[in-house]
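In case you want the letters, here they are:
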Amino acid sequence: MPVLVDGKYWTFGMRPNLWLWKNYQYVLAFYFAIQEVNKDSRLLPNLTLGFHFYNAFHSDQRTLETALLWLSGGTKMLPNYQCQTRSKPVAIIAGTESAFSAQMGTLLELYKMPQVTYGPFDPMLSDEDQFPSLYQMAPKDSSLAQGMVSLLLHFGWTWVALFTSDDLKGEQFLRDLKAELVKNGICVALTEKLPDTKTMYGPSDITFMSRIRVSSANVHILHGEAGSLITVDLAAEFFLTTGKVWIMAAKWNVVTSEMNHMLHSFHGSFSFSPHKGEIPGFQHFLKTVDPSHYPEDFYFSKLWAYSFDCSPAGSICKKYGVCQPNTSLEFMPGNMDIMTLSDSSYFVYNAVHAVAHVLHDILWEKIEKGSPENADQPGGHPWQLHRFLKKTQFINSAGDHISLDEKSKQMAQYDIHNAVNFPAGLGLLVKVGEFVSKRPLGQGLVINEEMIEWPIGFTETPRSVCSQSCGPGFRKVPQEGRPVCCFACVFCPEGHISNQTDAEQCIQCPAHEYPNSERTRCLPKVVTFLAFEDALGMALACTALCLSALTAAVLGVFVRHQHTPIVKANNRALSYILLLSLLPCFLCSLLFIGRPNTATCILQETIFGLVFTVAVSTVLAKTLTVILAFKVTAPGRRMRRLLVSGAPNFIIPSCSLIQLTLCGVWLGTSPPFVDSDTHSEHGHIIITCNKGSVTAFYCGLGYLGSLALGTFTVAFLARNLPDTFNEAKFLTFSMLVFCSVWLTFLPVHHSTKGRVMVAVEVFSILASSAGLLGCIFAPKCYIILIRPDENSFKGLKDKRGSKGSRHPKGLSHKSLSHF
């Protein structure tokens, strides 16, 4: 006895004056599955699976009319009556549209008739409260959004437009996709709902077509019901849009099949479809089947005539000639690809086998229980199938695990196809990759870029970004009021780098490193200091040594001519002390040159302060000696006793003791230490001496400055005294040079850093010391070495007579020479 399974396929009525013959493959897959079941001796033994076909039109009225006619079992619609007494149907396999399945499901639920759908999965149809008798063969698209985002990330597409159907399924997909996009930093340039096709070229269609063209994104994602894709198909054919990459979801036969022209908007697009294995024998079946095998199928003969312009042998149609014996579906026109198994055809094949396995389980249960067999319903009543359909599981001939339980059939693997159009309307879907969600993170997508054919207008991998990527050395700055993918590129600031594309923040280099000119990587800084090997350090060191040698030479000249009047004048001992103090003044500058260490850092400032205090206080003592000498008017006066007793000589230890006390406090509280300067010179770490206590440093410097300023003032007041034995003018000029140097040093010291600051300090030491040496001793050496005739009492008398100068009362040449 035959067991009846009614098959419903949605094939016609979508395009005006055009048949979508690609959908006839559903019927062929159904034929093949029925043939397999009936030939399998282990499945439904001694039973034959029968079927009826009904065409489902794109009309709610015709859909309900056809359903009622089928349920009545006759030629008239009789609700609640079943006129068919034998071979009553037990299940229905229904079409691709969710709306059609929902309409049928509401009616079939009244009869508890199982409905197995072969269209894309729709979450609305999984509501068991509303559709308890409906089962979906397609797996849940739980990883579709993740797979699409992986493809976007692979090609660096961060600016996309979304086109979804205006229904619950489209809304659900839109939510899932946007969540994945946000998680991965991809922005949406445009979101458009696909208009329905009830009115062709309506206002909504024209708006939709124009929106495709003005979209700034080069990548468009399409997802929706087949009914809503007609507008997309028409827009692609009659409103050519090039330069766009389309990523299509689920089954898009309406868009990608039967294209009769090469230049198509969807050339080079991508299509995600659930992974499916090859059904053994199906290709051979398609090559050998012809209308003579199913003479009752009017549509098969019509397809044959439409494709080959001939009628099969035995046909009553005389309009066309008889086809050749070798005519086969294998040689159909290129725009009708019947040989490639579609997703829905694969689900039809599985649906037939699922129902067959359920009927087999019911029969086996009856046999085990010994229940009498019903001749009219050997497979049981329709309502009895539900208990088995919910838990049926089997491995099909392709090796895939098939289950109607939604929890156990979530789609985890997708095949990625590339739509390629050839001349004469030949269109192919070439598999270029796959996505497996269960693989480790970042390894789910496998793509073969060499096999990809890009859309018209692209010669290489297209780019779809709101803003061009910020290369290394730059960071992204968001643009106010725009998505996060729209940004400006800003060069990393000083001391920062970015070594990757589209960096959110620049990374600061460590203190011992510096960025290169491109701000792409950190380079190690060169440790440097004012070294003797440097040109500047060598010049300063040579100058210090030369001046030291010159000072020693002057001292030697003075010792050799110590009994001459020019040496005796103005206190010979103070001249020796001054020359001896200038010698370490020059040599202490060498402590500032070379790699600093703790000892040199401490000695630098303390020796500098002490020796310069001795030098300046010596000049002060010499100045006071001159003043006291010329202010003495009578023997026995107090000033004369001070002069004779050598009181000015006590100035030197007194002033030095004060400076020594300041240095002691400085070293005891916050002594200088070795420090590194990482900012003064680009790419260099300068080893310097940190002053420690800046207050103590400026106190010592301030004391030295006050002492120098006081000395200059005293010398300035004594500049007009008689000049036979008076060196007040030279002392005044030397202190003027000394004070000028150190007053200039202060602002320059504050405005420089690193090695230059050290060099400025060394130069100030040498310049001020040289000023004292040159201004005070150069005239004396000139007389001693060049004009020795003037370095005698006779010469001094002649010079005095020629200038009319005189000695102060009570002072003789002999007495002045002892001062």
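Owing to the predicted nature of the structure, the values given are computational and were not obtained by experimental measurement. (Residues numbered from 1 in each chain as written. Predicted model: local features only at pLDDT ≥ 70, side-chain atom pairs only at ≥ 80, totals over all residues. Heavy atoms only, no water.)

### Structural notes on the state of the cysteines
Link 1 in the chain: Under the criterion given, the structure shown has 7 disulfides.
Link 2 in the chain: Between the sulfur atoms of Cys-492 and its disulfide partner Cys-506 the distance amounts to 2.0 Å. Because the sign of the S-S torsion sets the handedness, a value of about -80 degrees for the bond joining Cys-492 and Cys-506 places this disulfide among the left-handed ones. Taken together, the residues span a long stretch of sequence, with Cys-492 in the loop between β19 (487-491) and β20 (496-497) and Cys-506 in the loop between β20 and β21 (507-508) at a distance of 14 residues. For the pair Cys-492 and Cys-506, a shared accessibility class is recorded, and that class is buried.
Link 3 in the chain: In this structure Cys-585 is not part of a disulfide, and its nearest cysteine sulfur, from Cys-588, lies 5.9 Å away.
Link 4 in the chain: Overall, Cys-585 belongs to the buried group, its relative accessible area being 0%.
Link 5 in the chain: Judged by its relative accessible area of 3%, Cys-588 is buried. (Disulfide = S-S within 2.5 Å. Helix = DSSP H or I, 4+ residues; strand = E, 2+ residues; numbered from the N terminus. Buried < 20%, exposed > 50% of the residue type's maximum accessible area, 1.4 Å probe, protein only.)

### Structural notes on the side chain of Ser-307
Link 1 in the chain: Mapped onto the secondary structure, Ser-307 falls in helix α10 (residues 298-308).
Link 2 in the chain: Relative accessible area serves as the criterion here: at 12%, Ser-307 is assigned to the buried category.
Link 3 in the chain: Those residues in contact with Ser-307, other than ones at most four positions away along the chain, are Met-332, Pro-333 and Met-336. (Contact = heavy atoms within 4.5 Å.)

### Some words on the packing of aromatic side chains
Link 1 in the chain: If you walk through the whole model with that rule in mind, you get 32 aromatic pairs.
Link 2 in the chain: Here Phe-32 and Phe-285 contribute two aromatic rings whose centre-to-centre distance is 5.3 Å and whose plane-to-plane angle is 50 degrees, an arrangement assigned as tilted. Of this pair, Phe-32 sits in helix α1 (residues 25-39) while Phe-285 sits in helix α9 (residues 282-288), and the two are 253 residues apart along the sequence.
Link 3 in the chain: By relative accessible area, Phe-32 is classed as buried at 4%.
Link 4 in the chain: Taking the relative accessible area as the measure of exposure, Phe-285 reaches 7% and is therefore buried. (Phe/Tyr/Trp six-rings, centres within 6.5 Å; stacked < 30°, edge-to-face > 60°.)

### What to know about the sheet that holds strand β24 (residues 526-528)
Link 1 in the chain: With respect to topology, 3 strands assemble into an open sheet ordered β24-β26-β25, the strand pairing being mixed. Two strands lie at the open edges of the sheet, namely β24 and β25 (673-677), each paired on one side alone. Neighbour-to-neighbour, the strand axes of this sheet turn through a mean angle of 30 degrees, independent of strand direction.
Link 2 in the chain: Bridge analysis of β25 against strand β26 (residues 684-690) gives 5 bridges, and the strand direction is antiparallel. Looking at β26, one finds that Val-674 is bridged to Cys-689. (Pairing = 2+ DSSP bridges. Axes fitted to C-alpha atoms, helices over the stretch in contact; angles between N-to-C directions.)

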